[in-house]
Structures are given as structure tokens and as C-alpha cells.
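For reference, the chains in residue letters:
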Amino acid sequence: MVVGRKRGSERRRKAVARVAALHAKVRRQRLDSAHKAALALVRGYDVIVHEALNVAGMTRRAAPKPDGEGGYLANGQSAESGLNKSILDAGWSAFVAILSHKAQSAGRELIAVNPANTSRTCSRCGHCAKENRVTQAVFRCTACEFSAHADVNAAINILRAGLALREAAQAA
Ligand SMILES: [Zn+2]
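Residues numbered from 1 in each chain as written. Predicted model: local features only at pLDDT ≥ 70, side-chain atom pairs only at ≥ 80, totals over all residues. Heavy atoms only, no water.

This part covers the confidence of the model for the chain. In the predicted model, the chain carries a mean pLDDT of 82, and the fraction of residues at 70 or more is 75%. The least confident element of the chain is strand β3 (residues 72–73), whose mean pLDDT is 40; the most confident is strand β5 (residues 138–140), at 97. Residue range residues 55–81 is modelled with pLDDT below 50. Its contacts to residues more than four positions away, or to other chains, number 37 contacts. (pLDDT = per-residue confidence, 0-100. Helix = DSSP H or I, 4+ residues; strand = E, 2+ residues; numbered from the N terminus. Contact = heavy atoms within 4.5 Å.)

Structure representation (C-alpha cells):
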């Protein structure tokens, strides 16, 4: 019980309203970041490839881990770059929806690929093993010793898969 914040009191009502306004502000800022990140992608690239959303593994990876104290820890996905951070802040599905809309209006190609094994497959030799993923950030292939930031390695695999799909679609 916090003194002066009795349930139903005027001060409590105002405090609740302030918190609600703050949440709305944070949400607006996150959506704004997602819009900016999506716009930068659409302006910079003709073809954009992303991991498909409707796959169980994807949502499992994105689920936050309870920290045991009633709160949530960051889910461990890399949030180092501003772009990644914007995406995570707004929520991946919200970001893809925004990106999809902007890509469509700008006449860009947006390609979704199966996310299975994108982060454990070596982008140099194709060796796929969970041991390749040394930590959340570090990828090192146990077969050819190729080493890279795990997100960069995964991004190369995702792009390659997307371009292969695109080529197959064009050949058909
Ligand atoms: Zn390799």
C-alpha cells in the first residue's frame, strides 16, 4: 500500500491516467521506429527477404522468458543494431505488416522464407548443426570454421533462400 494512492482516490485516478498516457506514448514511439526502419528498407532495396511468421519455431524463439520475479527478461534475440531494436520493440508481426504495406506501395518485392535452420546452417559450406551456434551472437562452423556474427550468418542464409524462391518462381 502506497500512502496517498488509495484505491478509488482522485490522486490514484490521476496516477493511473498518467501511466496509461505514458504507455500510449511508448507505443507510438515504437510504431514510429518500425515505420522508419521499414521505410529505410523499402528505399534502399528492391528485394527484401524475411523469415515467415506463421511457423511454430518462430513464435517460440520470440517468446520472452519469465525472469522468476513476475517480469520478463529480454528474449536473447540480438537487439544490437538500431534496426533490430526497432523491430523487436514494435513486435515482429507488426513490423512485417508495416513493411509489407510499404513494400507493396513502393513496388518492392517482399519474400518470406521458412525460418527453419537459418541460424544453425553455415552460410559458407552449408553444414547444419546446433553446435555451430556458439552463443546468441557468435556463429562458428564446426565443419569449415567459418565465423561470423550469428545474425549476419543467418541473414545470408535467409537472403539466399529468398533469392532461390524468387528464381524458381520466375522460371516457372
Ligand atoms: Zn561451414
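Donor atoms from the polypeptide that bind the zinc ion are Cys122 (SG), Cys125 (SG), Cys141 (SG) and Cys144 (SG), placed at 2.3 Å. One can describe the site at the zinc ion as tetrahedral: its four donor atoms subtend angles covering 107 to 115° at the metal. On the primary sequence, the residues serving as donors to the zinc ion are separated as C-x2-C-x15-C-x2-C. Highlighted residues: Cys125 in the loop between β4 (109–113) and β5 and Cys141 in the loop between β5 and β6 (147–149), separated in sequence by 16 residues. (Donors = N, O, S within 2.8 Å, 3.2 Å for Na, K, Ca; no water. Tetrahedral: all angles 85-135°; square planar, octahedral: opposite > 155°, others 65-115°.)

Turning to the packing of aromatic side chains, a few remarks are in order. Overall, the coordinates contain two aromatic pairs when judged by the stated rule. For the ring pair Phe139 and Phe146, a centre distance of 6.5 Å and an interplane angle of 55° mean the geometry is tilted. Since its relative accessible area comes to 0%, Phe139 is described here as buried. The exposure class of Phe146 is buried, given its relative accessible area of 15%. (Phe/Tyr/Trp six-rings, centres within 6.5 Å; stacked < 30°, edge-to-face > 60°. Buried < 20%, exposed > 50% of the residue type's maximum accessible area, 1.4 Å probe, protein only.)

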